[in-house]
Amino acid sequence: MNGDKEVSRRQLLGSAGVLGSALVLSRVVLAQDENDGKAAKITDGQLVLRITDNPELGKVGGWKLFDLGEERVIVANTDKGLIARSATCTHKGCDVEYNPAVHQFVCPCHGARFDEDGKVVRGPARTNLPKYASDTALVISKP
Ligand code: FES
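All of these numbers come straight from a predicted model, not from anything done at the bench.

Trainee: Before we go on, may I ask you to explain the sheet that holds strand β6 (residues 72–78) in this structure?
Mentor: Remark on secondary structure: sheet strands pair via backbone hydrogen bonds, oriented parallel or antiparallel. Here 3 strands make up an open sheet; going across it, the order is β5-β6-β7 and the pairing antiparallel. Each edge of the open sheet is held by one strand with a lone partner, namely β5 (63–67) and β7 (81–86). The average undirected angle you get between the axes of adjacent strands in this sheet is 20 degrees. Two strands pair when backbone bridges link them, and β6 and β7 are joined in this way by 6 bridges, in the antiparallel orientation.

Right, dumping it as structure tokens:
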């Protein structure tokens with residue numbers, strides 16, 4: 001992505017308004033380009049979003065589901081920082097939700113639960129919830 005620059009975690013958290021939490025993703029990039037007016041997009045295999053366009057993610061416990069066409073992704077602001085997972089339940093494909101009180105992704109259809117790492121903690125789902133591009137980055141654009 002053109003115009004990206006690495007920033008310290010403190011700079012990112014300050015700009016994102018999420019001081020006090022730690023990002024758990026492997027790499028964070030501050031994107032200087034605009035986000036084409038969308039709440040989020042996938043660019044070069046990276047989920048790109050701006051906290052200012054997604055105020056739900058500005059505080060711990062907030063979460064938001066993104067329909068990105070081919071993929072549905074849920075992003076949650078957890079005690080450990082911002083995390084992104086596939087939003088599609090591995091049981092029968094309903095969208096999961098994030099429950100900050102229990103630190104789990106929950107499926108409203110048949111009650112499956114997944115921990116923040118996406119691991120099944122209660123069925124009927126048997127397969128873990130995929131991490132979204134765990135080896136790439138969640139890119140948060142400068143406000
Ligand atoms: Fe999620 Fe069945 S679709 S538990």
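Trainee: Explain the pairing of β6 to me, please; I cannot follow it from the model alone.
Mentor: Two faces make up the sheet, and in a regular strand the side chains alternate between them. Counting buried positions over the 7 residues of β6 gives 6, a clear majority of the element. Inspection of the sheet shows β5 paired to β6 by 5 bridges, in the antiparallel sense. Within the sheet, the bridge partner assigned to Lys64 lies in β6 and is Val75. Between the end of β5 and the start of β6, which pair antiparallel, lie 4 residues, with Gly69 showing a positive phi angle near 85 degrees. Counting the residues in the hairpin turn of β6 and β7 gives 2 residues.

Definitions and limits used
- Residues numbered from 1 in each chain as written.
- Predicted model: local features only at pLDDT ≥ 70, side-chain atom pairs only at ≥ 80, totals over all residues.
- Heavy atoms only, no water.
- Pairing = 2+ DSSP bridges.
- Helix = DSSP H or I, 4+ residues; strand = E, 2+ residues; numbered from the N terminus.
- Axes fitted to C-alpha atoms, helices over the stretch in contact; angles between N-to-C directions.
- Buried < 20%, exposed > 50% of the residue type's maximum accessible area, 1.4 Å probe, protein only.

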